[in-house]
Amino acid sequence: MLDPVRYAAGAEALVVSATTAGDSEALVASLRALAWVRHVNLDNEAARRLLDRGVRLAARCGLDQRLGDLLMTRSVALQELGRYDAAARDLRRAEPLVDTAERPDLRLQLAVLDHNRGRLQAAADAYTGLLGDPACPPIVWVKAANNLAHVQTLLGRPHEALGHLDRAAELAADMGTRIPAVIAASRAFSSYHAGRLTESVRRFEEAGRLHAAAGLPLGEHHVEYADVLRDLRLLDEAMAAARSAHAEFERHGARLMAAEARLRCARLALELGDPATAVLDAEAAVRDFRRQRRPAWAARATVAEAEARAALDGDSVAVLHRLRRAAATLRRLGLREEAAYGYLAAGRAGLALHRPDDARRDLTAVGELADGQALLVRLRGHLARALLAEARNPGAQDPGAVLRACLRGLRDLAQHRAALPSLELRVLASGHGAELGEVGLRTLLPGGSATRVFAWLERTRAAALLRVHPPATGVDEDVVALRNVEEELRTARLGRGEEPATLLARLNSLETRIRRRSWSGDEGVGGEAATPASVPELRRALDGQWLVEYAVVGDRVLAVVIEPRRARIVELGTVAPLQQEVAAAEFGLRRLLSGTRFAAAARSAAQEAVDALSRLLIAPVGVPPDVPLVVVPSTQLLGVPWSALHRAPVSVAPSAGLWAHARRARPVPAGGVVVVAGPDLEDAPAEVKAVAAEHERARVLLPPESTAETTIALIRDAGLAHFACHGRFRSDSPLFSSLQLSDGPLTLYEMLAHGVAPRRVVLASCHSGAQQPYGGNEVLGFAGAMMSHGSAGVAAADVPIPDGASAGAMTVLHHSLARGDTLPAAVWHARAALAEGGAEEYVAWYGLTAYGPG
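Residues numbered from 1 in each chain as written. Predicted model: local features only at pLDDT ≥ 70, side-chain atom pairs only at ≥ 80, totals over all residues. Heavy atoms only, no water.

Caption draft 1: Molecular detail of the sheet that holds strand S12 (residues 760-764). Pairing within the open sheet is mixed, and its eleven strands lie in the order S3-S2-S1-S4-S5-S16-S15-S12-S8-S6-S7. With partners counted over all chains shown, the strands left at the sheet margins are strand S3 (567-574) and strand S7 (699-701), one partner each. On average, each strand axis in the sheet is tilted by 20 degrees relative to the strand beside it, whichever way the strands run. Bridging between strand S1 (residues 546-553) and strand S2 (residues 556-562) involves seven bridges; their strand directions are antiparallel. Bridged to Val553 within S2 is Arg556. Packed onto the sheet, helix H32 (residues 708-715) meets strand S6 (673-677), S7 and strand S8 (720-724) and runs at close to 165 degrees relative to S7. (Pairing = 2+ DSSP bridges. Helix = DSSP H or I, 4+ residues; strand = E, 2+ residues; numbered from the N terminus. Axes fitted to C-alpha atoms, helices over the stretch in contact; angles between N-to-C directions. Contact = heavy atoms within 4.5 Å.)

Caption draft 2: Examining the packing of aromatic side chains more closely. This structure, assessed with the given rule, holds five aromatic pairs. On the numbers, 5.0 Å between centres and 10 degrees between planes, the contact of Phe204 with Tyr225 is stacked. With Phe204 in helix H11 (residues 197-213) and Tyr225 in helix H12 (residues 219-231), this residue pair connects regions lying 21 residues apart in the sequence. Judged on exposure class, the residue Phe204 and its partner Tyr225 are both buried. For the pair Phe736 and Tyr749, a centre-to-centre distance of 6.1 Å together with 25 degrees between the ring planes defines the contact as stacked. (Phe/Tyr/Trp six-rings, centres within 6.5 Å; stacked < 30°, edge-to-face > 60°. Buried < 20%, exposed > 50% of the residue type's maximum accessible area, 1.4 Å probe, protein only.)

Caption draft 3: Quick peek at the state of the cysteines. Taken as a whole and judged by the stated rule, the model has zero disulfides. With no disulfide of its own, Cys766 lies 9.6 Å from the sulfur of Cys725, the closest cysteine sulfur. (Disulfide = S-S within 2.5 Å.)

Caption draft 4: Representation of the pairing of S1 in the model. Among the eight residues of S1, eight are classified as buried, and the element is accordingly described as predominantly covered. Side chains Trp546, Val548, Tyr550 and Val552 of S1 all project onto a buried face; the interleaved residues Leu547, Glu549, Ala551 and Val553 project onto the opposite face, where all are buried too. The sheet contact formed by S1 and strand S4 (residues 629-632) spans four bridges and is parallel. Opposite Glu549, over in S4, you have Val632 as the bridge partner. Count of turn residues in the S1/S2 antiparallel hairpin: two residues, of which Gly554 carries a positive phi of about 65 degrees.

Caption draft 5: View of empty space enclosed by the protein. One pass over the full model with this rule turns up two cavities of 30 Å³ or more. The volume enclosed by the largest cavity comes to roughly 80 Å³. Lining of the largest cavity is provided by Val762, Leu763, Ala764, Ser765, Ala795, Ala797, Ile801, Ser806, Met810, Leu834, Ala844 and Leu848. Elements supplying a minimum of two residues to the lining of the largest cavity: S12 and strand S15 (793-797). If you tally residues by element for the lining of the largest cavity, the top one is S12, at three residues. Looking at the lining of the largest cavity residue by residue, the classes come out as ten nonpolar, two polar and no charged. Forming the boundary of the second largest cavity are Ser643, Ala648, Pro649, Val650, Pro824, Val827, Trp828 and Arg831. With four residues, the single largest contributor to the lining of the second largest cavity is helix H36 (residues 823-834). Taken together, the residues of the lining of the second largest cavity sort by class into six nonpolar, one polar and one charged. (1 Å grid on protein atoms, 1.4 Å probe; cavity = no way out; pocket = protein on both sides within 12 Å on 5 of 7 lines; lining within 4 Å. Points joined across faces, edges and corners; volume = space filled by probe spheres on them. Nonpolar A, V, L, I, M, F, W, Y, C, P; charged D, E, K, R; others polar.)

Caption draft 6: Structural view of unusual backbone geometry. A cis amide bond, omega 5 degrees, links Pro703 with the succeeding residue Pro704. Here Pro704 shows up in the loop between S7 and H32. Phi is positive for Leu42, close to 70 degrees, though the residue is something other than glycine. The class for Leu42 is buried, based on a relative accessible area of 13%.

Caption draft 7: Molecular detail of the nonpolar core. Tyr550, Leu617, Trp642 and Leu813 are the most contacted members of the largest nonpolar core, which totals 228 residues. In terms of residue count, the dominant contributor to this core is helix H20 (residues 375-390) (ten residues). Those residues within four positions of Trp642 in sequence are excluded, and the remaining contacts are Tyr550, Leu617, Ile618, Val631, Pro633, Leu637, Val650 and Val652. The next biggest cluster of nonpolar side chains, apart from the first, holds 31 residues, and it includes Leu51, Met72, Val98 and Leu113. (Core = buried A, V, L, I, M, F, W, Y, C linked by side-chain atoms within 4.5 Å.)

Caption draft 8: Highlighting the pattern of salt bridges. With the rule as written, the count across this model stands at 59 salt bridges. As a salt-bridge pair, Glu488 and Arg506 come within 3.9 Å of each other at their nearest N and O atoms. One end of the pair, Glu488, is in helix H25 (residues 477-496); the other, Arg506, is in helix H26 (residues 501-519), and 18 residues separate them in sequence. For Glu488, a relative accessible area of 38% corresponds to the partly exposed category. (Salt bridge = Lys/Arg side-chain N within 4 Å of Asp/Glu carboxyl O.)

Caption draft 9: Just helix H14 (residues 255-271), in detail. Over its 17 residues, H14 extends 25 Å from the first C-alpha to the last, a length consistent with the 24 Å expected when each residue adds 1.5 Å. Within H14, 13 of the 17 residues are buried, which leaves it mostly tucked inside the rest of the structure. Gly273 sits one or two residues past H14 and shows a positive phi near 80 degrees. (Expected span 1.5 Å × (residues − 1).)

Caption draft 10: Quick look at the environment of Pro745. Within the secondary structure layout, Pro745 lies in strand S11 (residues 744-747). For Pro745, a relative accessible area of 4% translates into the label buried. Along the backbone, Pro745 and Ser190 are 555 residues apart, and their C-alpha atoms lie at a distance of 40 Å. Every residue in contact with Pro745, bar those within four places of it in the chain, is listed here: Arg483, Glu486, Glu487, Ser738, Leu739, Gln740 and Glu750.

Caption draft 11: Representation of helix H4 (residues 64-80) within the structure. If you check H4, its first and last C-alpha atoms are 25 Å apart, about what 17 residues at 1.5 Å a residue would give, namely 24 Å. Of all 17 residues in H4, 14 are buried; the element is thus mostly enclosed.

Caption draft 12: A positive patch on the surface, seen in detail. A contiguous patch of positive charge, built from Arg83, Arg89, Arg92 and Arg255, is present on the exposed surface. Its place among the elements puts Arg83 in the loop between H4 and helix H5 (84-94). Looking at Arg83, the relative accessible area reads 41%, which means it is partly exposed. (Patch = residues over 30% accessible without salt bridge, like charges linked within 9 Å, V, L, I, M, F, W, Y side chains within 5 Å. Areas by Shrake-Rupley, 256 points an atom, 1.4 Å probe, with all protein chains shown as cover. Lys, Arg positive; Asp, Glu negative; His and termini not counted. Charge placed at Lys NZ, Arg CZ, Asp CG, Glu CD.)

Caption draft 13: Main features of the sheet that holds S11. Ordered in space as S9-S10-S11, the three strands form an open sheet in which the pairing is antiparallel. Every interior strand has two partners, whereas the edge strands, strand S9 (727-728) and S11, have only one. Pairing of strand S10 (residues 738-741) with S11 involves four bridges; the strand directions are antiparallel. Pairing of Gln740 across the sheet is with Pro745, part of S11. Relative to the sheet, H25 contacts S9, S10 and S11, its axis offset from that of S11 by approximately 135 degrees.

Caption draft 14: Representation of the packing of helix H18 (residues 336-352) against H20 in the model. For the pair H18 and H20, the least separation of the axes is 10 Å and the interaxial angle reads 25 degrees. When the interaxial angle is binned, H18 and H20 end up roughly parallel. Between H18 and H20 the crossing geometry is left-handed. Contacts between H18 and H20 involve Glu337, Ala340, Tyr341, Leu344, Arg348 and Leu351 on the former and, on the latter, Val377, Arg380, Leu383, Ala384 and Leu387. Here the residues of the contact of H18 with H20 are counted per class, giving eight nonpolar, no polar and three charged. (Parallel < 35°, antiparallel > 145°, perpendicular 65-115°, else oblique. Left-handed = near helix turned anticlockwise from the far one by under 90°.)

Caption draft 15: Seen up close, the pairing of S15. The buried fraction of S15 is high, at five of five residues. Alternating positions in S15 separate into two faces, Gly793, Ala795 and Ala797 on one and Val794 and Ala796 on the other, with burial throughout. Across three bridges, S12 lies against S15 in parallel orientation. Among the inter-strand pairings, Arg760 is bridged to a residue of S15, identified as Gly793. Here S15 runs beside strand S16 (residues 848-851); their pairing, made up of four bridges, is antiparallel. Bridge assignment links Ala795 to a residue of S16, and that residue is Ala850.

As structure tokens, this is what we get:
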């Protein structure tokens, strides 16, 4: 029972020998042992068949005590198969057969039956009684403590649960390998519900290792880990874990857990924008839970199914009623967190259906249920109160109440984000506050001043990047191994035109390990977020420049313009025409680079789109043509070629606060100049030599000396670093975006881990200026990440730059920097040198952009 995997072979051998010897009692005992092995490996149907055989034999031979043990064990398998009535019959039949020593185990199984059926308070009372019973055996006590902790966590008391689990872990240390693995998973689960997300990630990783060491299936581990990954907004990873768990449970006929995994899949499909799949998964989960007579789980699944149905077909009164009934069931059963989720969905449906009384009742319930819960549940409460205040009748609306609720939520989110250990997690976390930001902005716009609207935009824009970062920790052997695998893949692509599956698998494994270690680092080690700039401070930093911050509200675009003496809001129409012009410009660039006979027409089409974007985005704000401009784009406008839209120097930034922070930091250039050429670019050596000639004592690295280690050592304290190499942007994981050096790719992750952020960085590489948008107006890419970690400016391009196309312009750029110009001014001079060139020079002119004040 303590270590079934270890004794599996012995149990099988004993079944054979006991059968041969005709020893009925030995056979009954060995059948029960072997059935337990099958149960632990999730093959509960096989376990049931073995136990059926043992029950028949024990009853025929009058082995009453053995029969009682078999019936209790069979009840466990039956519960996992979702057959609760049959499990209950076995426990009632076992009750008169077990002796005094076995009675605590029987009481435990009866409590588990209540637990699985959703009768949580009855289960908690029974578990508590076992913990207080001096005659309770240690293994039963540990199981009861573990199960009580699960109930307490579901009832919103995870801190109490962790106390029981600490004691259980001490006692379980001498109980083989399986029980400690189960306790470790429970501690991870309760830590997650206590709001300790990164601690729970560490604990889940530990539990996974313990499960593997004990030879246990990982399905239950994966399904609970999926919840943590979902709250960290690692949705793809969460879905992979949930699907893997569901497949494993289905394969083994573990219908109890299969239904729970299916519900996770439904919720994640909805968040990933696939309501059709969410409906299918949720409907299947509802059917399974009802068949299993599990009202709490059926109510959870009903909420998911109704939400998915509304996303697919629109809200309806039927959907609203289903949501309200399910939420009421969850509240009655004491599941406050799940009930809050259900009532919030019902409140949204009520608003959409113009049923204000229903919406008020439901949203009020969310606020009541969310108080005192974990942070992400409290966020739902803040959002519900904001929606409630916003939905009041026009004469009774209270904009202040809306904004206060939104601000409380965003402040809570800021504390949560500040505690997260990695840049990736902080960027993703902002998505939790996206709707709070939108509601607040909607409320402010009708009567708010430009400065108030600007302050609100800054509160909800690139907040994860505006942060004091922890000291660099360096990298481990996995990062070096990753570079080696990437280089092997590059060699395979060049030599054989293929990417071997084994190398791709190694690459994925290494990236996963590196990312997961970054998720489970020390919480809050980076300090508080840097203070956003006020408008007066920003004007002083701008020193005569204009700043325009763009926002998209619904389908409308607006700009907040910060001039030297005033601030104003400009309405710019709908977003669709802008996106159409960006698409037209990008199509023209692709045709231009293809070298077809339509090159002239392609260039003309691209320029027409650029001119149209200038008319739509720049002309209405009235910035004089000779005044330098700082642009803070919305994430919906990231593809706009801002430098090409205005005649004077342009600087782009993820937020005005990050631009001002970079302006304040290290005003005097520090360190020297380092110029690096990567491999496989014929013109790169000549480019870097010409660039280096513009500076005194510039350090030059050429292949094969331009390795990652050597490069990092030289640029660590550089005032200016220039890279002429291939670049690769990873939209799926921006921190693994890379620059190709002589011994393989240097990733953004590795640069940040080494604390490498030169004051100025010039990236003469393809797509080096690309930024991946995330919820909550966050972005992540080379430019934003380098500025976040201390760089004052980055010159890069979000387009493919042909080899040699920008070489001459780079010399002009560095000549300008050497004489004391800012990076935006230097980029402006470089683009002027490209303006009258051929097709490849035009592409470089279009894409080259200065990020930050430089």
